[in-house]
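One letter stands for each residue in the lines below.
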Amino acid sequence: MQILILVVTLVFELAITVYSIATKQSRSKIKSWTRIAMFIGFVMLILGKVVVWKYTWGLFAGLLFILAFKDTVALLRKQTHTPRYKVSSTIWKFLLLALTVIVTLVPVLLFPQHRLPQVTGPYAVATATYSYVDKNRIEKFTDQEDNRFVNVKFWYPGQADGTYPLLVFSHGAFGIKTSNTSTFTELASHGYVVVSIDHPYHSFYTVSEDGKVVTINPGYMQEVNNANKEGVYSLGEFFELTQKWMKLRTDDMDFVMDTILEQAEQKKDSVYERIDTQKIGVFGHSVGGTASVALSRERNDIDAVVNIDAPFFSELVYDKVTNALIAKSEAYTIPLLNIYSDDVWIQLDSSSSYIANRISNKNFKGAYNVHFKGAKHLSLTDLPLFSPILANLLQEGRKADIDKYYAIETQNELILRFFDYALKNQGQFAPKATY
């Protein structure tokens, strides 16, 4: 829709320009009425819900309003003299206006109108946000002696009785806590309390209850970018970095879970009183999936794990003698679902940091492994829905070959069925190997 509106607007402005050149008039009633009609037409598209109004349309709507207002005044005002007509001036005005139209539509082009993934559960979904302050940890990303804080958002069954399993989510390397909102909404609609964590300075940005905004730490961003390049870090340095990232992530998740379970015992508000503290699952995308697997090794109250496109960093040890990463030999007994894109699937049989993820790894013989053929790393988040351009840019211009709605809706269905099976003892879970 946004592309069509851009083209139609430019065509109308081009037609106005051609008419002005043909008639040698810089002002005309046809031009004014066309501009007014364009603004009215855009308003009608919004009222008819053909265009779904969002703040991203604000600049373009403002431009149309200004043009319509200016030409309305021109119609009402009597013309006392006819200005000298210049073809070059008309052309330059068109080019400048065309550029302005494109610029005002950039927000809509970056974040286009789209439909939301299906929500199939019987429960209406409510949300709540909180900021938790960990009095036992000092924030290492700042020079001040501040305690580390963690922002969270809940999705849960609204206006429902009873208690429901708790699911804790950790976002990817540069992600945000709403990265998989469609997944959280679908799970909550089927009777789960989902909490997603913003890891300050690891998340792209996060906002506390008091309005404090924290953006991603440049040093951490550089570490991740360099870790994905050949030869920047030695294998030993790379291993130390991953363990540092895991420590921060698992400490955050551990703290959040303890806080929630404590609040659930006291049942202080409608969110916490809906939590069944005896049924807990963790899941995450990318580094968040890594942290979920790691945390499940540390706690004995986690009953199920979903790893979305992540390496098992916590399952590796670094051998200085051979200068190699080696998978640990401890059996993993918690129900585990691994969901992989093409980006990760092709690395599972290599000697890379995914060596512990190998399908042949006997320590994970009970895990379910699913491959989304044609998917890229970000296909397993909501980003391709909200901003296909950004998703492609972050994937170095590589476009996924899988339909973005099929990918996220199928993944949501799989995660729901897995948690139903592992936490609620409902049905069977036998996913296909490839989707």
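All figures in this text were calculated on a predicted structure; none of them were measured in a lab.

Focus on helix H12 (residues 404-423)
The first and last C-alpha atoms of H12 sit 28 Å apart over 20 residues, in line with the 28 Å expected at 1.5 Å per residue. Most of H12 sits out of view: 14 of its 20 residues are buried. For H12, the side-chain oxygen to backbone nitrogen distance between the N-cap and Tyr405 is 3.1 Å, and the N-cap itself is Asp403. Just beyond H12, the residue with positive phi is Asn425, at close to 55 degrees.

Topic: the pattern of salt bridges
For the coordinates displayed, the defined rule picks out 18 salt bridges. Notably, a salt bridge pairs Glu409 with Arg115, separated by 3.0 Å at the nearest N-O pair. Pair noted here: Glu409 is in helix H12 and Arg115 is in the loop between helix H4 (87-110) and strand E1 (125-138), with a separation of 294 residues, a long-range link. For Asp343, the salt bridge identified is with Lys376, shortest N-O distance 3.8 Å. A residue pair is termed long-range when its members are at least 10 positions apart, and Asp343 in helix H9 (residues 342-345) and Lys376 in the loop between strand E12 (368-371) and helix H10 (383-386) qualify at 33 residues. An identical accessibility class is assigned to Asp343 and Lys376; each is buried. It is possible to trace a salt-bridge network through shared partners that takes in Asp134, Arg137, Glu139, Arg148 and Asp252.

Remarks on the UniProt feature "transmembrane region" (unreviewed entry) in the chain
When the UniProt feature table is mapped to this numbering, "transmembrane region" (unreviewed entry) covers residues 36-69 and 90-111. Split by type, residues 36-69 is 71% helix and 0% strand. Its first and last C-alpha atoms lie 8 Å apart. Secondary structure content for residues 90-111 is 95% helix and 0% strand, and the end C-alpha separation is 32 Å.

Some thoughts on the sheet that holds E12
Across the sheet, eight strands lie side by side as E1-E2-E4-E3-E7-E8-E11-E12; this open sheet has mixed pairing. Edge positions in the sheet fall to E1 and E12, since each of these pairs with one other strand and no more. When strand polarity is set aside, the average angle formed by the axes of neighbouring strands in this sheet is 20 degrees. With 11 bridges connecting them, E1 and strand E2 (residues 147-157) associate as antiparallel partners. By the bridge assignment for E2, Ile138 is matched with Asn147. Here helix H8 (residues 287-298) sits on the sheet in contact with strand E3 (164-170), strand E7 (275-285), strand E8 (304-308) and strand E11 (336-340), set at roughly 140 degrees to E7. Strand contacts of H12: E3, E7, E8, E11 and E12, with the helix running at about 160 degrees to E8, the strand carrying the most contacts.

Describing empty space enclosed by the protein
A full pass over the atoms with the stated rule returns one cavity of 30 Å³ or more. Size it by volume and the largest cavity reaches roughly 50 Å³. In terms of lining residues, the largest cavity is bounded by Phe312, Asn338, Ala356, Asn357, Arg358, Ile359, Asn361, Phe364, Ala367 and Asn369. For the lining of the largest cavity, the per-class residue count stands at five nonpolar, four polar and one charged.

A few points about the domain arrangement of the chain
Many descriptions give the size of an interface as the accessible area lost when the pieces come together. Partitioning the chain into domains gives domain 1 (1-110) and domain 2 (125-424). Here the C-alpha centre of domain 2 lies 47 Å away from the C-alpha centre of domain 1.

Some points on a nonpolar patch on the surface
Taken together, the side chains of Met1, Leu4, Val8, Phe12 and Val50 present a nonpolar region at the surface, about 400 Å² in accessible area. Looking at where Val8 falls in the secondary structure, it is placed in helix H1 (residues 2-23).

Overview of the environment of Arg398
In this structure, Arg398 sits in the loop between helix H11 (388-394) and H12. Taking the relative accessible area as the measure of exposure, Arg398 reaches 37% and is therefore partly exposed. Considered as a pair, Arg398 and Lys376 are 22 residues apart in the sequence and their alpha carbons are 8.0 Å apart. Leave out the neighbours within four places in its chain, and Arg398 touches Asp343, Lys376 and Asn392. In terms of polar contacts, Arg398 uses its side chain to reach the side chain of Asp343, at 3.4 Å. Within polar-contact distance, the side chain of Arg398 engages the backbone oxygen of Gln395 at 2.8 Å.

So, the nonpolar core
Core analysis: the largest hydrophobic core is formed by 59 residues, its most contacted members being Tyr132, Val152, Phe154 and Ile260. Looking at this core element by element, the count peaks at 12 residues for helix H7 (residues 235-266). Here Val152 is in contact with Ala128, Thr129, Tyr130, Tyr132, Lys177, Val195, Ser196, Ile197 and Val256, once residues within four sequence places are set aside. Formed by 30 residues, the second largest nonpolar core is a distinct cluster that contains Leu167, Phe184, Leu337 and Leu380.

Conventions used here
Residues numbered from 1 in each chain as written. Predicted model: local features only at pLDDT ≥ 70, side-chain atom pairs only at ≥ 80, totals over all residues. Heavy atoms only, no water. Helix = DSSP H or I, 4+ residues; strand = E, 2+ residues; numbered from the N terminus. Expected span 1.5 Å × (residues − 1). Buried < 20%, exposed > 50% of the residue type's maximum accessible area, 1.4 Å probe, protein only. Polar contact = N/O pair within 3.5 Å; in protein donor to acceptor, adjacent residues only side chain to side chain. Salt bridge = Lys/Arg side-chain N within 4 Å of Asp/Glu carboxyl O. UniProt positions renumbered as here; feature names shortened; annotations may be inferred. Pairing = 2+ DSSP bridges. Axes fitted to C-alpha atoms, helices over the stretch in contact; angles between N-to-C directions. Contact = heavy atoms within 4.5 Å. 1 Å grid on protein atoms, 1.4 Å probe; cavity = no way out; pocket = protein on both sides within 12 Å on 5 of 7 lines; lining within 4 Å. Points joined across faces, edges and corners; volume = space filled by probe spheres on them. Nonpolar A, V, L, I, M, F, W, Y, C, P; charged D, E, K, R; others polar. Domains from an automatic or database assignment. Patch = residues over 30% accessible without salt bridge, like charges linked within 9 Å, V, L, I, M, F, W, Y side chains within 5 Å. Areas by Shrake-Rupley, 256 points an atom, 1.4 Å probe, with all protein chains shown as cover. Core = buried A, V, L, I, M, F, W, Y, C linked by side-chain atoms within 4.5 Å.

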